[in-house]
Amino acid sequence: EEVFDELKVKLNHVLTRRVPLIFYNTHLHFQQTNTTPGFIPEGVGGFFEFIKGRVVIPSTGSLNDFKHVIRHELVHVFMTNKVFRVLTDHRIPSDALPPLWFVEGIAEYLSTEIDDQAEMVMRDAVLNNYFAPLKNMFQIYGTFLMYKEGQSFLEFVEETYGEEKIPLMLDNFWMYTDFNKVISYTLGKSLEEIDSEWLLY
């Protein structure tokens, strides 16, 4: 409920329905859940089921991790609900979402601080030349680096352009089918300029 009140303000959006949270007391029971078809891989620490809007989370024994995962999944709930509302208000089919790097990046950005591991991953990517700029983000689709690059980009936006630009990207989501154009419009610069500023950051 604390996270709920915080996200209302940060994402400038209010949910009008209850969010079903399904908790499992062990990871083994979580992996056998019937809330989604198929087997859940070992690395998955929780998920948001987009169709029915349910959050499914296991307890790992660490209260810190548990809070982080709850926050992360609730960001997904708020973000998808906000995007649905924005698209519906502009009479656009509401089956679209921002790219996965942004979806996971904003969930990490709003649920945890940049820690040593995140710094290390980003520094290694930049120094060893496998950092993916916005226009090539598809190359690291689904990887841990994608999560951390998404988080890093939003930290960069907050420090450089102000944190109000982040929910504004979601407000402007209806304007273009290409999300990079949404970013460019919201920040008022070309994607190339934004990419080079972020790389420098």
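Notes on the structure follow. (Residues numbered from 1 in each chain as written. Predicted model: local features only at pLDDT ≥ 70, side-chain atom pairs only at ≥ 80, totals over all residues. Heavy atoms only, no water.)

1. Some details on the pattern of salt bridges
Turning to step 1, where the next piece is worked out: The tally for this structure, following the rule as stated, stands at nine salt bridges.
Turning to step 2, where the next piece is worked out: Glu-49 is the salt-bridge partner of Arg-54, the closest N and O atoms lying 2.7 Å from each other.
Turning to step 3, where the next piece is worked out: What makes Glu-49 buried here is its relative accessible area of 13%.
Turning to step 4, where the next piece is worked out: A salt bridge links Lys-148 to Glu-108, with the nearest nitrogen and oxygen atoms 2.9 Å apart. Within this pair, whereas Lys-148 is found in helix H6 (residues 144-161), its partner Glu-108 is found in helix H4 (residues 100-109), the two being separated by 40 residues in sequence. (Salt bridge = Lys/Arg side-chain N within 4 Å of Asp/Glu carboxyl O. Buried < 20%, exposed > 50% of the residue type's maximum accessible area, 1.4 Å probe, protein only. Helix = DSSP H or I, 4+ residues; strand = E, 2+ residues; numbered from the N terminus.)

2. Here's the deal with the nonpolar core
Turning to step 1, where the next piece is worked out: Membership of the largest hydrophobic core comes to 51 residues, with the highest contact counts inside it found for Trp-101, Phe-102, Ile-106, Leu-134, Phe-153 and Ile-183.
Turning to step 2, where the next piece is worked out: It is helix H3 (residues 63-89) that provides the largest number of residues to this core, a total of 10 residues.
Turning to step 3, where the next piece is worked out: When near neighbours in sequence (up to four residues on either side) are disregarded, Leu-134 contacts Trp-101, Phe-153, Asn-180, Ile-183, Leu-191, Ile-194, Asp-195 and Trp-198.
Turning to step 4, where the next piece is worked out: Grouped together as the second largest cluster of nonpolar side chains are five residues, Tyr-24, Ile-40, Phe-47 and Val-56 included. (Core = buried A, V, L, I, M, F, W, Y, C linked by side-chain atoms within 4.5 Å. Contact = heavy atoms within 4.5 Å.)

3. Here's the deal with unusual backbone geometry
Turning to step 1, where the next piece is worked out: Of note in this structure, Asn-12 is not a glycine but carries a positive phi near 50°.
Turning to step 2, where the next piece is worked out: Checked against the element boundaries, Asn-12 lands in the loop between helix H1 (2-10) and strand S1 (21-24).
Turning to step 3, where the next piece is worked out: One non-glycine residue, Arg-91, adopts positive backbone phi at about 55°.
Turning to step 4, where the next piece is worked out: For Arg-91, the position within the fold is in the loop between H3 and H4.
Turning to step 5, where the next piece is worked out: Taking relative accessible area as the criterion, Arg-91 reaches 80% and is therefore assigned exposed.

4. Quick word on the pairing of strand S3 (residues 54-58)
Turning to step 1, where the next piece is worked out: Most of S3 is tucked away: five of the five residues are buried.
Turning to step 2, where the next piece is worked out: Every second residue of S3 is oriented toward a common face, with Arg-54, Val-56 and Pro-58 on one face and Val-55 and Ile-57 on the other, all of them buried.
Turning to step 3, where the next piece is worked out: Alignment of S1 against S3, held across four bridges, turns out to be parallel. Opposite Phe-23, over in S3, you have Ile-57 as the bridge partner.
Turning to step 4, where the next piece is worked out: As defined by bridge partners, strand S2 (residues 47-49) adjoins S3 across three bridges and the pair is classed as antiparallel. (Pairing = 2+ DSSP bridges.)

5. Notes on the sheet that holds S2
Turning to step 1, where the next piece is worked out: An order of S1-S3-S2 is seen for the three strands of this open sheet, with the pairing classed as mixed. Two strands lie at the open edges of the sheet, namely S1 and S2, each paired on one side alone. Each adjacent strand pair in this sheet contributes to an overall mean axis angle of 20°, direction not counted. (Axes fitted to C-alpha atoms, helices over the stretch in contact; angles between N-to-C directions.)

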